[in-house]
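# Report on the structure
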Amino acid sequence: MSSVSQIIPNYFAGGISDQPDELKKPGQLRDCVNAYPDAIKGLVKRPGLEKVGQLESLCDNAPINANGSYFHFSRENVTNKNKQDYIGYVSTGGKVTVFRCSDGVTIPTYYTNKTISPDDSESINIDKLTQCSSNSYLKHDGEDLKFTTVNNYTFITNPAKAVTMSSVNNKRPYEAFIEVTLLAYNREYLIDIDLVKTDNASRFSKATEVTISSTEGFDGSNEDASCPANFRKTVTLDEDGGGGTDLVVEIESLGVQESYSNNRETRCAYRHTVDLINGGRGWEVGETATYVNNELENPTTYVIEVTKNSVISSSADYQITGVLTPSNGDEVATIKTVLTDLRNEISRSSPILKSNIEIVGNGLYIKHTEPFTITTSEKDLMNVLSNTDDDLDNPYCIVNNVSRLPIECKNGLVALVANSFSDDDDYWVQFQSNYGDVTNDNASDSKETAATGYWIEIAEPGGKVKLNAGTMPQALVFTKIPDVGDAFIVGPVAWKDRTCGSDDFNPSFNDFNITNLLFYRNRLCALSQENVIMTRAGELFNFFPASALAVSPSDPIDVSAATDYSSILQDGLVINNGLLLFSQLQQFQLTTDSDVLSPSTAKILEISRYNYSASTSPINIGTNVGFVSDRGGRAKVYELSNVFREGAVKLVEKSKIISQSFLNNVRSIATSPEDELMLFSNNGKTVWMYKFLDGGDKLLQDAWVRWTFPYPVLYHFVIDSMYYAVLNNEGDVYLTRLDLDKNPINGPFTDLWEEDDEDAGVPYEMKVVFPTVNLVKSEMGAYRSDTTSSLVVHRLHYNFGDIGTYTFDIKREGYDDYDVLYESRYMDDYKADAEPLVPEVERTIPVYTRNTALSVSLKSDYNQPLILHSMRWEGDYNQRYYKRV
């Protein structure tokens, strides 16, 4: 047997461990309550929670209800650069209350049903807002709301609400436009009009060949050598006593001088020809039409006979014929004349009213109460913009190439440019006149309209282009109100409407729930189902592309993380390599291999498959990421590291060492990367804290401790090393705080103490339960306790800061339990103006018992500090004559 001594150098690095005592590292404890492991000062008694104030509503003049969702945020005053911290509360009924963290004062909150832009919040008229109201979107039950703060405004998302979209009143009448592209002589401008909702068809016969069967009145003219009966003219004829109409022919009589009476006299010999211009309607073979030329002193007569005809069948309900141009330059042809004739003929031969037909520039604008299509066989003469799909009941025209869009058109007319057999590259355009619709009053019945302008891209008329702001995340916006001061406004956001493309360009969260909003690379990111939907770069309220013609790098991004698992995304966290995304069973990384994040470069990679608790949010652990899993009973805290674009990640369970005593159903996490700590709560009185110190290649501190509070913790968070906790005392809700940077000896050491009375408050106890004293050996960086030998502990030497009052509770098997009280020295023992603390004092406890029969714990419920540095034990060690191998 030999006398030995061994030192435990510190108690700040190890914390609580649920492992057997023989597996614990030096400095680890069985339990550690209401202590704060500080790498500089040691294991100290935590400061008490200061009572900032009871949280009350300005409207009800009563404490707020404990049920609901809490959140916190900070905003910077752009004028004086001061930062103000706030805590917010949303009741289950949708009422929002905001409190200032510094003093717990309630800030007035106003409500509006009109969409607001955070940039224009300070110009909102307060007279049009209500104060004691609620927001229907924020009503929730059982599922917490999600909060995202960007700059000076906070988005509030209700994961239980589905997004809906609606159409705007931009549907056009059924319309078409006929552009005359070529003015040609001796041509017919023929169009077909078909009503989409009718099955009528047109069938008629027309002349295809005619001849002059006889002429009269040329006998006297023949004797006149001057050939006075020369004639050439295009005429329109109807059948002699029958039903044939609109036969258009060109008649020519050409006289040639000839000699007769033995060449002593000259007379005129006539040759008559006829050319068919338009076969008209209702003509059968053998039917005739008579034309009389009254231009001569002695009129002449022509009898035109139909020698051939054909029967025309058309799917169009109405054929517009008979609009002709002169056959030669003897008559002047103008586009206006052609358009006027077309207008008159359409109104005469179809149900389209003349008042619905306008001459616009070089074209004819036509509208009707029913869907219709217009086609033409004279494509070299006219460019027709019309609905060309009989099955498509829509109010817009269709063209297959952008070159068919006229440079002059009716203001507001809409056309679909269908570029190919695929709908992906189709887009809609609308004509914008430089002067709007300006009717020419001098045009009389022609109703001419100003036509110069340009085409702009628009969304499909009648489509869903508007995000219903009442079903989208709401905004909490800071403002200043005269005679009121600081205030907040809750209301719907002025989300941008879709300005191009069809419903296929709508974000994929339409008709689904948005589970959360994030902010990444100057884009607002909505998580919905298995998709990440990002706004346009730099435009936080615009989920739509700028154009359907091409994809821009700044366009919205909509990518899916679908796998063979359930991949409904719940939350995310920004890291240096991308955006980490969390579903209930998987973790993903949204990243890009390019310098620019765009729709063509964004990609989502699966990086791990671990359970994730959606009731919490992922957190930063130094440069790594932490998250909570609630599968299999008690919660687990994981640390995710080595998250790069390529290669496997590293995942470690940080709570493994306390897996038997850790919380279940963790509800909120408070984290402070600057203070290197995390705190976990399940809405009970106990809060677990994890404190770490990263030494680069290894952790210098890896300690779990737990804090107990007098009332359940509804919500907690850390801002600038100030820990805030919202406590619920049977319906009375208090905001409390604890300064983590405060010197641990300054106190006070009671909870719920108030600034004007530090002696008041609820006492609490710091308790440290030490493990069994074992002889520990270090081998290859690992520790091993010798449990097969005999060890009789003589004395325990604990090193403290020389201040405070505390008790050792000593339990020895076979002996009576006893307590040892140590009190702090009198204050007048310290020098004036000096900090009342000497480096350390050693407290010796004689025990003289076998190590396995000894149990030691340290307690302090006094309103005084406690600082534990280290421990050294002495005793007799016997290896029992066994050789260690």
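Quick summary incoming for the structure in this document. Model, not experiment: these values are computed from the prediction.

Another point: the overall build of the protein chain. If you tally the helices and strands in the protein chain, you get two helices and 68 strands. A compact globule built from 885 residues should have a C-alpha radius of gyration of about 29 Å, whereas the protein chain, at 46 Å, is more than 25% larger. Dimensions of the protein chain, computed from the C-alpha atoms along their principal axes, are close to 170 × 70 × 40 Å. A buried classification covers 51% of the 885 residues belonging to the protein chain. Counting only contacts in the protein chain whose residues sit at least 6 apart along the sequence, the fraction spanning at least 24 positions is 63%.

This next bit is on the state of the cysteines. Counted by the stated rule, this structure contains two disulfides. Shown here is the disulfide that connects Cys59 with Cys132, its sulfur atoms set 2.1 Å apart. For the disulfide bridge between Cys59 and Cys132, the dihedral angle about the S-S bond is near -95°, and by the sign convention the bridge is left-handed. Of this pair, Cys59 sits in the loop between strand E8 (56-57) and strand E9 (62-63) while Cys132 sits in the loop between strand E14 (109-111) and strand E15 (146-150), and the two are 73 residues apart along the sequence.

Attention now goes to empty space enclosed by the protein. The full count for this structure, using the stated rule, is three cavities of 30 Å³ or more. Reported here for the largest cavity is a volume of approximately 250 Å³. Along the walls of the largest cavity sit 22 residues, with Ile8, Pro771, Thr772, Val773 and Asn774 positioned nearest its centre. For the lining of the largest cavity, the secondary-structure elements that each account for two or more residues are strand E63 (790-800), strand E67 (854-860) and strand E68 (867-878).

Another point: the side chain of Ser681. Note that Ser681 resides in strand E52 (residues 677-681). Those residues in contact with Ser681, other than ones at most four positions away along the chain, are Leu663, Val666, Arg667, Ser668, Thr686, Val687, Val713 and His716.

With that settled, the discussion passes to the sheet that holds E15. Ordered by their spatial adjacency, five strands build an open sheet running E14-E38-E37-E16-E15, and the pairing between neighbours is mixed. Of all the strands in the sheet, the pair left with one neighbour each is E14 and E15. Across this sheet, the average inter-strand angle for adjacent strands is 30°, counted without regard to direction.

Judged by side-chain charge, Glu755, Asp756, Asp757, Glu758 and Asp759 come together as a negatively charged surface patch. One can find Asp759 in the loop between strand E58 (750-751) and strand E59 (762-763). Accessibility expressed as a relative area gives 69% for Asp759, which makes it exposed.

Turning to its location among the elements, Ile346 is positioned in helix H2 (residues 335-349). Residue classification places Ile346 among the buried positions, given a relative accessible area of 0%. Those residues in contact with Ile346 that lie beyond four places of it in its chain are Ile191, Ile193, Ile320, Ile352, Ile357, Leu364 and Ile366.

Okay, the sheet that holds strand E50 (residues 650-653) next. Taken together, four strands build an open sheet; the order of strands is E47-E48-E49-E50 and the sheet is antiparallel. Looking at strand neighbours, the two that pair on one side only are strand E47 (619-621) and E50, the edges of this open sheet. Direction aside, the axes of adjacent strands within the sheet are offset by 35° on average.

In a regular helix each residue adds 1.5 Å, so 15 residues correspond to 21 Å; H2 covers 21 Å between its end C-alpha atoms and thus fits that length. Taken together, the buried positions of H2 are Val338, Leu339, Leu342, Arg343, Glu345 and Ile346. Looking at the buried positions of H2, the neighbouring elements they touch are strand E18 (174-180), strand E19 (191-195), strand E26 (318-320), strand E27 (357-360), strand E28 (363-368) and strand E30 (382-385).

Glancing now at the layout of surface pockets. Over the atoms rolls a probe the size of a water molecule, and its path tells where empty space is left. If you add up the space inside the second largest pocket, you get close to 1,200 Å³. Taken together, 41 residues form the lining of the second largest pocket, with Lys25, Lys698, Leu699, Leu700 and Asp702 sitting closest to its centre. Going through the elements one at a time, strand E1 (2-8), strand E49 (636-641), E50, strand E53 (686-694), strand E54 (699-708), strand E61 (775-779) and strand E62 (782-786) are the ones with two or more residues in the lining of the second largest pocket. Taken together, the residues that form the lining of the second largest pocket break down as 16 nonpolar, 14 polar and 11 charged.

On to the packing of aromatic side chains. Tallying each qualifying case throughout the model produces 47 aromatic pairs. When the centroid spacing of 5.3 Å and the interplanar angle of 70° are considered together, the rings of Tyr11 and Phe770 count as edge-to-face. With a gap of 759 residues between them, Tyr11 in the loop between E1 and strand E2 (15-16) and Phe770 in the loop between strand E60 (766-769) and E61 connect regions that are remote in the sequence. Both residues of the pair, Tyr11 and Phe770, count as buried. A ring pair is formed by Tyr396 and Trp428, whose centres lie 5.8 Å apart and whose planes are at 85°; its orientation type is edge-to-face. Of this pair, Tyr396 sits in the loop between E30 and strand E31 (397-399) while Trp428 sits in strand E33 (residues 427-433), and the two are 32 residues apart along the sequence. Taken together, the aromatic side chains of Tyr11, Phe770, Tyr798, Phe800, Tyr806, Phe808 and Tyr822 make up a single cluster linked through ring pairs. Positioned over the ring face of Trp707 is Arg46, at 5.8 Å from the centre of the ring.

Glancing now at the side chain of Thr535. In this fold, Thr535 is placed in the loop between strand E41 (531-534) and strand E42 (557-560). Engagement of the side chain of Thr535 in a polar contact is seen with the backbone oxygen of Glu539, the distance being 3.2 Å.

What follows covers the pairing of strand E64 (residues 806-812). Looking along a regular strand, one sees side chains alternate from face to face of the sheet. Among the seven residues that make up E64, six are buried, leaving the element largely enclosed by the rest of the structure. Here five bridges tie E64 to strand E65 (residues 818-822), and the two strands are oriented antiparallel to one another. Each bridged residue has a counterpart across the sheet, and for Asp809 the counterpart in E65 is Asp819. What sits between E64 and E65 in their antiparallel hairpin is a turn of five residues, with Gly814 showing a positive phi close to 90°. Here E64 runs beside E67; their pairing, made up of six bridges, is antiparallel.

What follows is about the pattern of salt bridges. Tallied over the full model, the rule gives 35 salt bridges. For Asp564, the salt bridge is made with Arg609, and the minimal N-O distance between the two is 2.7 Å. Remark: Arg609 occurs in the loop between strand E46 (602-608) and E47 and Asp564 occurs in the loop between E42 and strand E43 (569-575); sequence separation between them is 45 residues. Given a relative accessible area of 63%, Asp564 falls into the exposed group.

Residue Pro748 is bonded to the preceding Gly747 through a cis peptide linkage, with omega at 0°. Mapped onto the fold, Pro748 is located in the loop between strand E57 (732-739) and E58. For Asn34, which is not glycine, the phi dihedral falls at a positive 60°. Topologically, Asn34 is positioned in the loop between strand E4 (31-33) and strand E5 (35-38).

Relative to the helices and strands, Phe12 resides in the loop between E1 and E2. According to the relative accessible area criterion, Phe12 is buried, its value standing at 14%. Distance in space between the C-alpha atoms of Phe12 and Gln701 is 7.2 Å, their sequence separation being 689 residues. Each residue touching Phe12, except ones within four places of it in the same chain, is listed here: Pro37, Asp38, Ala39, Gly42, Leu43, Leu700, Gln701 and Ala703.

Definitions and limits used
Residues numbered from 1 in each chain as written. Predicted model: local features only at pLDDT ≥ 70, side-chain atom pairs only at ≥ 80, totals over all residues. Heavy atoms only, no water. Helix = DSSP H or I, 4+ residues; strand = E, 2+ residues; numbered from the N terminus. Rg over C-alpha atoms; globule rule 2.2 N^0.38 Å. Buried < 20%, exposed > 50% of the residue type's maximum accessible area, 1.4 Å probe, protein only. Contact = heavy atoms within 4.5 Å. Disulfide = S-S within 2.5 Å. 1 Å grid on protein atoms, 1.4 Å probe; cavity = no way out; pocket = protein on both sides within 12 Å on 5 of 7 lines; lining within 4 Å. Points joined across faces, edges and corners; volume = space filled by probe spheres on them. Pairing = 2+ DSSP bridges. Axes fitted to C-alpha atoms, helices over the stretch in contact; angles between N-to-C directions. Patch = residues over 30% accessible without salt bridge, like charges linked within 9 Å, V, L, I, M, F, W, Y side chains within 5 Å. Areas by Shrake-Rupley, 256 points an atom, 1.4 Å probe, with all protein chains shown as cover. Salt bridge = Lys/Arg side-chain N within 4 Å of Asp/Glu carboxyl O. Lys, Arg positive; Asp, Glu negative; His and termini not counted. Charge placed at Lys NZ, Arg CZ, Asp CG, Glu CD. Expected span 1.5 Å × (residues − 1). Nonpolar A, V, L, I, M, F, W, Y, C, P; charged D, E, K, R; others polar. Phe/Tyr/Trp six-rings, centres within 6.5 Å; stacked < 30°, edge-to-face > 60°. Lys NZ or Arg CZ within 6 Å of the ring centre and 35° of its normal. Polar contact = N/O pair within 3.5 Å; in protein donor to acceptor, adjacent residues only side chain to side chain.

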